[in-house]
Amino acid sequence: MNIFSYLYQGLLPQFLRQMLSWSTFLYFDQFFRDYFRKITDTPRNKDLPIVPLLGVCFCVGVVNTAIVYPVDTIKTIYQQFEKSKHAQTGGIIETFHQIRQSSGLKSLYAGYQVRIVQYMIQSLVTMGALERFERRLRA
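Residues numbered from 1 in each chain as written. Predicted model: local features only at pLDDT ≥ 70, side-chain atom pairs only at ≥ 80, totals over all residues. Heavy atoms only, no water.

1. Some points on the overall build of the protein chain
Now for step 1: Helix and strand content of the protein chain: five helices and zero strands.
Now for step 2: Along its sequence from the N terminus, the protein chain presents helices and strands in the succession α-α-α-α-α.
Now for step 3: Residues counted as buried form 32% of the 139 residues belonging to the protein chain.
Now for step 4: Excluding contacts between residues fewer than 6 apart, the proportion of contacts in the protein chain whose partners are at least 24 apart in sequence is 69%.
Now for step 5: Of the roughly 9500 Å² of accessible surface on the protein chain, 65% is carried by carbon and sulfur atoms. (Helix = DSSP H or I, 4+ residues; strand = E, 2+ residues; numbered from the N terminus. Buried < 20%, exposed > 50% of the residue type's maximum accessible area, 1.4 Å probe, protein only. Contact = heavy atoms within 4.5 Å. Areas by Shrake-Rupley, 256 points an atom, 1.4 Å probe, with all protein chains shown as cover.)

Put into structure tokens, the structure is as follows:
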């Protein structure tokens, strides 16, 4: 194994997971911000009040967890299999089938509560930065 393949081992599953995470975050962040702006009559040039902003963060955290968490679980188990010399895995899809057969689909969400809180906090920080950035672009 050459040094570059060793250094970048496992990067593809992580890259795909990050793309999914950011895509869902950006889409649903905008979706829920627009929704909460509509129900609170907050114009786009004003910041959302704190309570609707927390509602957006909660919604984005739940949706992002529901979509990304199972993919993250599969990615982690796949990477564990990939490192094992005795692994008989055909890839990420095969890893998913192995998880489904051995533990069931519910196992993909084991420990999701902590991840929801993490995504809510991440959403709050990122969304605050995005709102300020958008406001500066409009000015």
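Here the narrative resumes, following the displayed structure.
2. Quick look at the pattern of salt bridges
Now for step 1: All chains considered together, the criterion is met by five salt bridges.
Now for step 2: Between Arg-17 and Asp-72 there is a salt bridge; the shortest N-O distance is 3.1 Å. Separated by 55 residues along the polypeptide, Arg-17 in helix H2 (residues 11-40) and Asp-72 in helix H3 (residues 50-83) bring together distant segments of the chain.
Now for step 3: Taking relative accessible area as the criterion, Arg-17 reaches 9% and is therefore assigned buried. (Salt bridge = Lys/Arg side-chain N within 4 Å of Asp/Glu carboxyl O.)

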